[in-house]
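Each chain, letter by letter, is given below.
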Amino acid sequence: MSPNRKINLRVWLKIPDAEAATVKNTLVRRLGYKNILADVKKERLFSIEIDSGDPEELAKSFAKELVNENKESYKALIDELLFEDEYVPVKVALHIEDGEAISVRERLRSRLGFGNVVDVKKATIWKLYFDTLRPEAEVAAREIAERLLINPHKDSYEILSRPII
Amino acid sequence: MKIAVMQFPGTNCEFETLVAVKAVDMEGEIFRWNRSAGELSDFDGFVIPGGFSYQDRIRAGVIASKEPVMSALKEEADKGKPILGICNGFQILVESGLLPGRSISCDKESEKGSNMGVGSGSNKASSNVDMALAQNVMISKGKIVRRGYYCDWVNLRHESPSKRCSGSFAIERGALLKIPIAHGEGNLVTTTPGLIKKLNDDQQVIFRYCDKNGRIINEFPFNVNGSTESIAAICNEQGNVLGMMPHPERAFFAWQLPAFDPRKQRADEAGPGRRVFESMKRYIEVNA
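Residues numbered from 1 in each chain as written. Chains lettered and ligands numbered in written order. Predicted model: local features only at pLDDT ≥ 70, side-chain atom pairs only at ≥ 80, totals over all residues. Heavy atoms only, no water.

Here we look at the layout of surface pockets
Piece 1. Size it by volume and the largest pocket reaches roughly 1,000 Å³.
Piece 2. If you go around the largest pocket, you meet 39 residues; those closest to its centre are Glu 100, Lys 122 and Thr 124 of chain A together with Ile 58 and Gln 135 of chain B.
Piece 3. Listed by contribution, the elements that provide at least two residues to the lining of the largest pocket are strand 1 (5-13), helix 1 (18-29), strand 2 (37-50), strand 4 (88-94), helix 3 (99-111) and strand 5 (117-130) of chain A.
Piece 4. The element contributing the most residues to the lining of the largest pocket is strand 5 of chain A, with 4 residues.
Piece 5. Per-class residue counts for the lining of the largest pocket are 14 nonpolar, 7 polar and 18 charged.
Piece 6. Computed from the structure, the second largest pocket encloses a volume of approximately 280 Å³.
Piece 7. Taken together, 17 residues line the second largest pocket, and the ones lying closest to its centre are Ala 93, Leu 94, Val 120, Lys 121 and Lys 122 of chain A.
Piece 8. At the level of secondary structure, the elements contributing two or more residues to the lining of the second largest pocket comprise strand 2, strand 4, helix 3 and strand 5 of chain A.
Piece 9. Residues of the lining of the second largest pocket, tallied by class, amount to 8 nonpolar, 1 polar and 8 charged. (1 Å grid on protein atoms, 1.4 Å probe; cavity = no way out; pocket = protein on both sides within 12 Å on 5 of 7 lines; lining within 4 Å. Points joined across faces, edges and corners; volume = space filled by probe spheres on them. Helix = DSSP H or I, 4+ residues; strand = E, 2+ residues; numbered from the N terminus. Nonpolar A, V, L, I, M, F, W, Y, C, P; charged D, E, K, R; others polar.)

Some details on the packing of aromatic side chains
Piece 1. All told, the structure shown has 9 aromatic pairs over all chains when counted by the stated rule.
Piece 2. When the ring of Phe 62 of chain A is compared with that of Phe 114 of chain A, the centres are 5.0 Å apart and the planes differ by 80°; the resulting orientation is edge-to-face. With Phe 62 of chain A in helix 2 (residues 55-66) and Phe 114 of chain A in the loop between helix 3 and strand 5, the pair connects residues that are 52 residues apart, well separated along the chain.
Piece 3. Between Phe 252 of chain B and Phe 253 of chain B, the ring centres sit 4.8 Å apart and the planes meet at 75°, which makes this aromatic pair edge-to-face.
Piece 4. Of the residues examined, Phe 253 of chain B reaches a relative accessible area of 24% and is grouped as partly exposed.
Piece 5. Three or more aromatic residues link up through ring pairs in this structure, and these residues are Phe 252, Phe 253, Trp 255 and Phe 277 of chain B.
Piece 6. Sitting over the ring of Trp 12 of chain A, Lys 127 of chain A keeps its end group 6.0 Å from the ring centre. (Phe/Tyr/Trp six-rings, centres within 6.5 Å; stacked < 30°, edge-to-face > 60°. Buried < 20%, exposed > 50% of the residue type's maximum accessible area, 1.4 Å probe, protein only. Lys NZ or Arg CZ within 6 Å of the ring centre and 35° of its normal.)

Some remarks on the state of the cysteines
Piece 1. Applying the stated rule across the entire model yields 0 disulfides over all chains.
Piece 2. As a non-bridged cysteine, Cys 235 of chain B has Cys 165 of chain B as the owner of its nearest cysteine sulfur, 4.5 Å distant. (Disulfide = S-S within 2.5 Å.)

Quick word on the nonpolar core
Piece 1. Grouped together as the largest cluster of nonpolar side chains are 100 residues, with contacts concentrated most on Val 90 and Phe 130 of chain A together with Phe 8 of chain B.
Piece 2. Ranked by the residues each element gives to this core, the list is headed by helix 4 (residues 134-149) of chain A, at 7 residues.
Piece 3. Formed by 18 residues, the second largest nonpolar core is a distinct cluster that contains Ile 7, Phe 62, Val 67 and Leu 108 of chain A. (Core = buried A, V, L, I, M, F, W, Y, C linked by side-chain atoms within 4.5 Å.)

Regarding helix 4 (residues 88-95) of chain B
Residue and element names in this part refer to chain B.
Piece 1. Among the 8 residues of helix 4, 8 are classified as buried, and the element is accordingly described as predominantly covered.
Piece 2. Along helix 4, the residues classified as buried are Asn 88, Gly 89, Phe 90, Gln 91, Ile 92, Leu 93, Val 94 and Glu 95.
Piece 3. In the segment just after helix 4, Gly 97 is the residue with positive phi, at about 85°.

Remarks on the sheet that holds strand 13 (residues 241-244) of chain B
Either a parallel or an antiparallel arrangement is found when strands of a sheet pair, and the pairing is made through backbone hydrogen bonds.
Residue and element names in this part refer to chain B.
Piece 1. Spatial ordering of the open sheet is given by 2-1-3-4-13-12-11-8-9, a layout of 9 strands whose pairing is mixed. Strands with a single pairing partner mark the edges of an open sheet, and in this sheet they are strand 2 (27-32) and strand 9 (176-183). For this sheet, the mean inter-axis angle between neighbouring strands, taken without regard to orientation, is 25°.
Piece 2. Taken together, the 6 bridges between strand 1 (residues 2-7) and strand 2 define a ladder with parallel strand orientation. Of the residues in strand 2, the one forming a bridge with Gln 7 is Arg 32.
Piece 3. Across the sheet, helix 3 (residues 68-78) touches strand 1, strand 2, strand 3 (45-48), strand 4 (83-86) and strand 13, and the angle it forms with strand 3 is around 135°.
Piece 4. Running over the sheet, helix 4 touches strand 3, strand 4, strand 12 (231-235) and strand 13 and is turned about 115° from strand 4. (Pairing = 2+ DSSP bridges. Axes fitted to C-alpha atoms, helices over the stretch in contact; angles between N-to-C directions. Contact = heavy atoms within 4.5 Å.)

Structure (structure tokens):
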């Protein structure tokens, strides 16, 4: 029996993202990151675990259901989750039960007939662009996560940068 | 006796709230978020109304909680002035650390933050926020039956003795109020050890959701959002800051009640929500 595969769908708006703009504005104007923060962008992340089927084809099918291509773009990654180097990616997800992720799983399984979907997890990826070097940037990213991006009583976060070699 | 009804971008209940404030013979005015925060000291009390400040971006209430007026409101709260947060107002009070308020005024420097450099102030936000109002999860017979935004008339039981809290100062323990809710994030959760016990022991739980006879049944449709121990409202230790998910301003007059309530036809009668505003007024009179 082959091991389960994981399809990571990174989804972002093609149109301006007002939520990311508000986050940047708050960090710059209210929380003192004017001198080091260059920009903030945001993605939604769906991590879909499957127990059978062609992951490449399934990724396209899932994207048809989960991505509105009139306003969004996406990138599908199979069994890996990589990000570009020019920003610090901060993954924020609920550590309490995520009702929306459960609804997506049930919609894919029951209503759309994808019986090979085992699990769905959902997260927000905050892409923080800094005018500072990587180690400092990651320290600042942790601060930003804890001061603004999460409420620790329901959310957890993770810095997804590649290790510095 | 002058009340500031706070208005952030996305607030949507400020005018009904102002009507309620004036109808119990207090003066009041809308106070925009970008007005000079120093002017807040001219007021005797504050209401943060419901709505969707900053479109609930990131999570409900968090952006508004970082505004300079919230630092000024913390200073006014320290003076003992009453603050009533309704729905989104409750969410803002939680995100700013004013409720449940154990860490009150411990994080003013990080809120100002204008000269902050890399590495300073780490973990300040999580250190002064003791709970969250998470996404609604409605549970019945051990199963999740609904999630997300929900609006309905609910029954509330007043849990504390009168005079414990500014917003229920004139309400007796055990009183039942029928008041509407309308929110997507009212599920009180916390990872702070012992917080719920402390809220109970210190009588900081002001209202719980209940059935029409006042029984607490910790599942949907009585507990409308999955909140821990059916908690609908809490106050801070001092009792001057109250946050509640239901909207008393939408049940201020009897004619606002739902069609199936016989009181609706009695045009001159007060609605149950009036008691919250009357309490605030009485609290200010007593503490003046």
